[in-house]
Protein chains: 2
Amino acid sequence: VKISQIGEDKLIQGVKEKMNFNLGEGVVGIGDDCAVVPLGENKLMLFSTDSLVEGCHFIKEKISPRDLGYKAVMVNVSDVAAMGGRGRYALMSIAMPKGTDASWFSEYMNGVKEACEEVGVGLIGGDTTSSKGGIFINFSIVGEVLRGNVKYRKDAREGDVICVTDTLGDSLAGYEMMMSGKNKGSLVEKHCCPKARFREGEWLGGHSSVRGMMDISDGLFQDLGRMMKASGYGAEVDIDKIPVSREFIEFAREHDWPVKERAVISGEEYGLLLTVNSVEYQSLSDEFEKIFSRPLYAIGIVKGGRGVRFIKNGKVVEIEFEGYLHFKD
Amino acid sequence: VKISQIGEDKLIQGVKEKMNFNLGEGVVGIGDDCAVVPLGENKLMLFSTDSLVEGCHFIKEKISPRDLGYKAVMVNVSDVAAMGGRGRYALMSIAMPKGTDASWFSEYMNGVKEACEEVGVGLIGGDTTSSKGGIFINFSIVGEVLRGNVKYRKDAREGDVICVTDTLGDSLAGYEMMMSGKNKGSLVEKHCCPKARFREGEWLGGHSSVRGMMDISDGLFQDLGRMMKASGYGAEVDIDKIPVSREFIEFAREHDWPVKERAVISGEEYGLLLTVNSVEYQSLSDEFEKIFSRPLYAIGIVKGGRGVRFIKNGKVVEIEFEGYLHFKD
């Protein structure tokens, strides 16, 4: 049996079951965007780790080293934001072939620096090694959150309003553009230099009306499914309410893409996905818009049952799933 | 300019200078075995990250998956031990080709589990991804240490006795045996399943007579040089006092190796290197031997000046340096 026949989610579940020891009181381990460890009476520490592998997560010739460094930090910070917390420290491992240009590495580090400055994270350690099989980047991030502010993906409840903080689809369109040799424009930028929603995540963490929360790294379709599975509910999403950018609509039309159906499978978006107590949704949304100058988009409702249904004019829309699955053949 | 022309130490120094911000009060960043972050009034948190790259750190066909998993944990725990602390949590990233056997991964995880159980560390998170260029493993470890017990490599002082906790050389001999197809015996085991000296490290951390401390990952020759550079002193090592195992001596004789000269360049040893206030060395050493049932080997003295000199019968011995350097051509 090859690991490709098992799939990422089952692989992780197996690891979680095998390693269920030495966790200590109050520790939440594998299964959410971050691990959670108690820190004194009022705080929790957040830990997450994410890799970018050449040939899988990026093509060296297609992304600038500066963008790659920036992105490597942001995807990790996004995990902390998804728990309602703030990133504090990062550790960086990078393996590179010996023949890598020093100027490439220097530009890469400029991107790391820019992202760390933007989000207030300090690089406290790392490991640099040689590689015989391309570039491998791994960041581990350490964050913190007030005990009452932490958000988990498991806490969505029936009747909650399902929300996203950002338009969807740009990253997938940007990826296609990048692969066809275009390296300018807002879509490519969204894919290559994603912005972690660290201010939004921390702010949302401070509101008890926010229940389940996670970031959108594998596409709304897949990630909302994970949130509903963790929470024990189902979701009904009004596909007309999926927010998309003007640039994405144009790109989709040019390429004959079904707009919303593609938007919901676009991964590496790094906007936040959350559910909000329906009674408080309007006031939260008003406040969010005042502070962040864009809407908190309501796209659906948490329902009983299981799974995610996308609805258009009262009818179920089948999503042709092409989201990226690690270890899938 | 290629990174191989810059070298690992200079590369890291460059990163350290560029990323000298957002560190916060009391934080010690890049440059020692672990980063140090204050935790309340009495404790410090320790952070370290280490990678094992296929083709560079290991050959998949030469090491069992169980040993590889065990070693990946131990080399990280060793970094925490080297600071006088105790490992608490680990994060694991692994990138594998899609065709990797599920049974290989399962055996690998058994090794991870065994090591974590042995050292009391809990795996709280990770990232599993596919790879197009071989297996890449990264662990980040979180440890803690009492504020008064932390040890740095920079704290060696003139007149200190230089000590090691273990014999040297086995790992290099074990590597040679493994590469020539032998996979049994104490030398191979020392290379493939190194034991982090976590009990010794924590115990030594509790003694103020211990000054500089680090683990031996790149060989005594190179690592003692780093400790002396960080401390601003030089070292004189009596090469006859370098402890070696009976098995290593036999192997060295069979292969016509100069015994001690090879022992001091053997990397991936993961014993501890430390300097001890000379006045207190004897009592510390007696106590160490009583508790750990082996000597705390005194091998030299910290001197004024710079660099490391190996001495035999009053004469300087030149060491033919073949230690493994990342990014060296």
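The coordinates are above.
Residues numbered from 1 in each chain as written. Chains lettered and ligands numbered in written order. Predicted model: local features only at pLDDT ≥ 70, side-chain atom pairs only at ≥ 80, totals over all residues. Heavy atoms only, no water.

**Digging into the interface of chain B and chain A**
It is common to report an interface's size as the accessible area lost on association of the parts. Test applied: Working rule for contacts: check all heavy atoms of both residues, and any pair within 4.5 Å makes them a contact. By buried area we mean the combined loss of accessible area, with a 1.4 Å probe, across both parts when two parts are placed together. Contacts described as polar in this section are N or O atom pairs within 3.5 Å, which, within protein, must combine one atom able to donate a hydrogen with one able to accept it, while residues neighboring in sequence count only if both atoms come from side chains. Strands here are runs of E lasting at least two residues and helices are runs of H or I lasting at least four, both read from the DSSP assignment and numbered beginning at the N terminus. Residue type decides the class: Asp, Glu, Lys and Arg count as charged, Ala, Val, Leu, Ile, Met, Phe, Trp, Tyr, Cys and Pro as nonpolar, and the leftover types, Gly among them, as polar.
Across the boundary between the two partners, chain B contributes 74 residues, which contact 74 residues of chain A. For the pair chain B and chain A, the summed buried area comes to about 6,000 Å², and 65% of that belongs to carbon and sulfur atoms. Of all residues in chain B, the largest losses of buried area upon contact with chain A belong to Lys18, Lys98 and Ile124 of chain B, amounting jointly to 11% of the total for that side. If you look at where chain B meets chain A, you find 29 residue pairs in polar contact (both at pLDDT 80 or more). Of all the elements in the fold, those that place two or more residues in the side of chain B that touches chain A are α1 (8-18), β1 (35-39), β2 (43-53), β3 (86-96), α3 (102-119), β4 (122-130) and β5 (136-146) of chain B. Taken together, the residues that form the side of chain B that touches chain A break down as 36 nonpolar, 25 polar and 13 charged.

**Topic: helix α8 (residues 246-254) of chain A**
Residue and element names in this part refer to chain A. For clarity, the threshold we go by: Accessible area is worked out with a 1.4 Å probe on protein chains only. A residue is then buried under 20% of its type maximum, exposed over 50%, and partly exposed in between. This arc is taken over the directions from the axis of the helix to the C-beta atoms.
All buried positions along α8 are accounted for by Phe248, Phe251 and Ala252. In an axial view of α8, the angular spread of the buried residues amounts to 100 degrees, which keeps them on one side of the axis. Away from the buried face of α8 by more than 90 degrees, exposed residues Arg246, Arg253 and Glu254 are located. Structurally, α8 contributes buried residues whose contacts are with α4 (170-179), α5 (186-192) and α9 (259-263). Two residues or fewer past α8, Asp256 is found with a positive phi of approximately 60 degrees.

**Things to note about the pairing of strand β11 (residues 307-312) of chain B**
Residues and elements named next belong to chain B. The cut-off we apply is this: In this analysis, strands are considered paired if DSSP registers two or more bridges between them.
Across five bridges, the pairing between strand β8 (residues 234-238) and β11 is parallel. If you follow Gly234 over to β11, its bridge partner there is Gly307. With three bridges joining them, β11 and strand β12 (residues 315-317) adopt antiparallel strand pairing. Bridge pairing in β12 places Ile311 opposite Val316. A loop of two residues connects β11 with β12, the two strands running antiparallel in sequence, and Asn313 in this loop sits at a positive phi of about 50 degrees.

**Here's the deal with the nonpolar core**
Rules: Only buried residues count toward a nonpolar core, which is a set of Ala, Val, Leu, Ile, Met, Phe, Trp, Tyr and Cys residues joined through side-chain atoms within 4.5 Å.
Ranked by size, the top nonpolar core spans 84 residues in total, and within it Phe105, Tyr108, Phe139, Leu220 and Ile242 of chain B carry the most contacts. The leading source of residues in this core is α3 of chain B, at nine residues. The residues contacting Leu220 of chain B, other than those within four sequence positions of it, are Val164, Leu168, Gly225, Ile242, Val264, Ser266, Leu273, Ile299 and Phe310 of chain B. Ile299 and Val317 of chain A together with Leu11 and Phe21 of chain B belong to the second-largest nonpolar core, a separate cluster that totals 82 residues.

**Brief notes about the relation of the copies chain B and chain A**
Let me state the cut-off plainly: In this comparison the copies share one frame, found by least squares on the C-alpha atoms of residues holding pLDDT of at least 70 in both.
Under the fitted operation, chain B is carried onto chain A by 0.0 Å of movement along the axis and a turn of 180 degrees, and the coordinates agree to an RMSD of 0.0 Å. Both copies are brought into coincidence by an operation consistent with a two-fold rotation axis. Relative to the rotation axis, the closest C-alpha in chain B is found at Gly133 of chain B, a distance of 2.1 Å. The share of interface residues of chain B whose copies in chain A are also at the interface is 100%, consistent with both copies meeting through the same surface.

**A look at empty space enclosed by the protein**
Convention followed: Site definitions follow a grid-based scheme: protein atoms alone, a 1 Å grid, a 1.4 Å probe that fits but cannot get out for cavities, and for pockets an open set with protein on both sides within 12 Å along at least five of seven lines, plus lining residues having an atom within 4 Å of a point. Grid points are joined across faces, edges and corners, and a volume is the space filled by probe spheres set on the points.
Summed over the entire model, instances satisfying the criterion amount to one cavity of 30 Å³ or more. If you add up the space inside the largest cavity, you get close to 70 Å³. Around the largest cavity, the lining residues are Val53, Glu54, Ser131, Gly133, Gly134, Ile135 and Phe136 of chain A together with Val53, Ser131, Gly133, Gly134 and Phe136 of chain B. Along the lines of polarity and charge, the residues of the lining of the largest cavity split into five nonpolar, six polar and one charged.

**Quick notes on unusual backbone geometry**
The phi torsion at Asn22 of chain A lies on the positive side, around 60 degrees, for a residue other than glycine. With respect to the helices and strands, Asn22 of chain A occurs in the loop between α1 (8-18) and β1 (35-39).

**Comments concerning the pattern of salt bridges**
Definition in use: We count a salt bridge whenever a side-chain nitrogen from Lys or Arg sits within 4 Å of a carboxyl oxygen from Asp or Glu.
Evaluation of the coordinates by the stated rule reveals 50 salt bridges over all chains. Arg294 of chain A serves as the salt-bridge partner of Glu200 of chain A, at 3.1 Å between the closest nitrogen and oxygen. Note that Glu200 of chain A is positioned in helix α6 (residues 198-205) and Arg294 of chain A in the loop between α10 (278-292) and β10 (297-303), a separation of 94 residues in sequence. Judged by its relative accessible area of 6%, Glu200 of chain A is buried. Using a relative accessible area of 16% as the deciding quantity, one classes Arg294 of chain A as buried. Between Asp166 of chain B and Arg197 of chain B there is a salt bridge, with its nearest N and O atoms 2.5 Å apart. Taken as a pair, Asp166 of chain B in the loop between β6 (161-164) and α4 (170-179) and Arg197 of chain B in the loop between α5 (186-192) and α6 (198-205) lie far apart in primary sequence, 31 residues in all. You can call Asp166 of chain B buried: its relative accessible area is 8%. Because the salt bridges share partners, they merge into one network encompassing Asp9, Asp218, Asp223 and Arg226 of chain A.

**Digging into the environment of Glu254 of chain B**
All names here are of chain B. Along the chain, Glu254 turns up in helix α8 (residues 246-254). With relative accessibility at 63%, the residue Glu254 sits in the exposed group. The spacing of Glu254 and Leu11 is 243 residues in sequence and 39 Å in space, taken between C-alpha atoms.

**Structural notes on the pairing of β1 of chain B**
Residues and elements named next belong to chain B. In terms of residue burial, β1 counts as a mostly covered element, since four of its five residues are buried. Here β1 pairs with β2 via five bridges, running antiparallel. In the strand pairing of β2, Val37 is matched with Met45.

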